[in-house]
Amino acid sequence: MPIDPTQPYDDNNVFARILRGELPSKKVYEDDFAFAFHDINPLAPVHILVIPKGSYVSWDDFSERASDEEIAGFIRAVGRIAREEGLVAQGYRILANIGMRGGQEVPHLHAHIFGGEPLGPMLAR
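These lines cover the structure that appears in this document, whether it is placed above or below. The shown structure was predicted, so the numbers you read here are calculated from the model rather than taken from an experiment.

### Looking at the sheet that holds strand β2 (residues 34-38)
- Spatial strand order, β1-β2-β3-β5-β4: five strands in an open sheet with antiparallel pairing. Looking at the sheet topology across the chains shown, the edges are occupied by β1 (27-30) and β4 (92-95). Pairwise comparison of adjacent strand axes, ignoring direction, gives a mean angle of 20° for this sheet.
- Looking at chain direction, β2 and strand β3 (residues 46-52) are connected through five bridges and run antiparallel. Residue F35 lies in a different strand from β3, and its bridge partner there is I51.

### Re the environment of R93
- Mapping R93 onto the fold places it in strand β4.
- Using a relative accessible area of 24% as the deciding quantity, one classes R93 as partly exposed.
- Residues R93 and A82, spaced eleven residues apart in sequence, show a C-alpha to C-alpha distance of 9.5 Å.
- Ignoring anything within four residues of it in the chain, the contact list for R93 reads H112, I113, F114, L119, G120, P121 and M122.

### Some thoughts on the pattern of salt bridges
- Taken as a whole, this structure holds six salt bridges when the rule is applied.
- E22 is paired through a salt bridge with R20; the nearest N and O atoms lie 2.9 Å apart.
- Overall, E22 belongs to the partly exposed group, its relative accessible area being 43%.
- Classification of R20 by relative accessible area gives partly exposed; the value is 43%.
- Between K53 and E30 there is a salt bridge, and its shortest N-O distance comes to 2.8 Å. Of this pair, K53 sits in the loop between β3 and α2 (59-65) while E30 sits in strand β1, and the two are 23 residues apart along the sequence.
- Judged by its relative accessible area of 32%, K53 falls in the partly exposed class.
- On the basis of relative accessible area, E30 is assigned to the partly exposed category, the value being 39%.
- When salt bridges that share partners are traced, they join R17, R20 and E22 into one network.

Reading guide: rules and limits
Along each chain, residue indices are assigned from 1 in the same order as the chain's sequence is written. It should be noted that, the model being predicted, local features are given only for residues of pLDDT at least 70 and side-chain atom pairs only at 80 or more, the latter also being counted only at that level, while totals for whole chains, interfaces and linings use all residues. Hydrogens and water are ignored here; the side-chain numbers use all heavy atoms of the structure. Should DSSP find at least two bridges between two strands, the strands are regarded as paired. A helix here means a DSSP run of H or I that spans at least four residues, while a strand means a run of E at least two residues long, and both kinds are numbered starting from the N terminus. Angles shown run from 0 to 180 degrees and are taken between the N-to-C directions of axes, each axis being a line fitted to C-alpha atoms and, for helices, limited to the stretch in contact. Buried residues are those whose accessible area, probed at 1.4 Å on protein chains only, stays under 20% of the maximum for their type, while exposed residues exceed 50% and partly exposed ones sit between those limits. Whether two residues are in contact is decided by their heavy atoms: any pair within 4.5 Å suffices. Should a side-chain nitrogen of Lys or Arg be within 4 Å of a carboxyl oxygen of Asp or Glu, the pair is scored as a salt bridge.

Structure below.
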């Protein structure tokens, strides 16, 4: 169910619980700013979720409140993961859903990295 990104951060959301080690995940990458893991319901052969380690509800919240170091670290992590997964040469997609119309389902900023096959049009019509 889509969430309202204007609401306060929920410390009990599934991604916060993964960051705290309360829920399992298949880790792909971790550094001081980001944590990445395989999606449990992949929509492509490669489907990785990348989350910032800070408590940010959405891209809007992150871009407003995160430090320059956090923003740079998160963006660099996404690129590094794509390179390490061998996605650059054939191409890949990065997607961040924000809010109710954007289809955001977890109130913690996350970017999806999709690859491994042709991904089709950007939006279904």
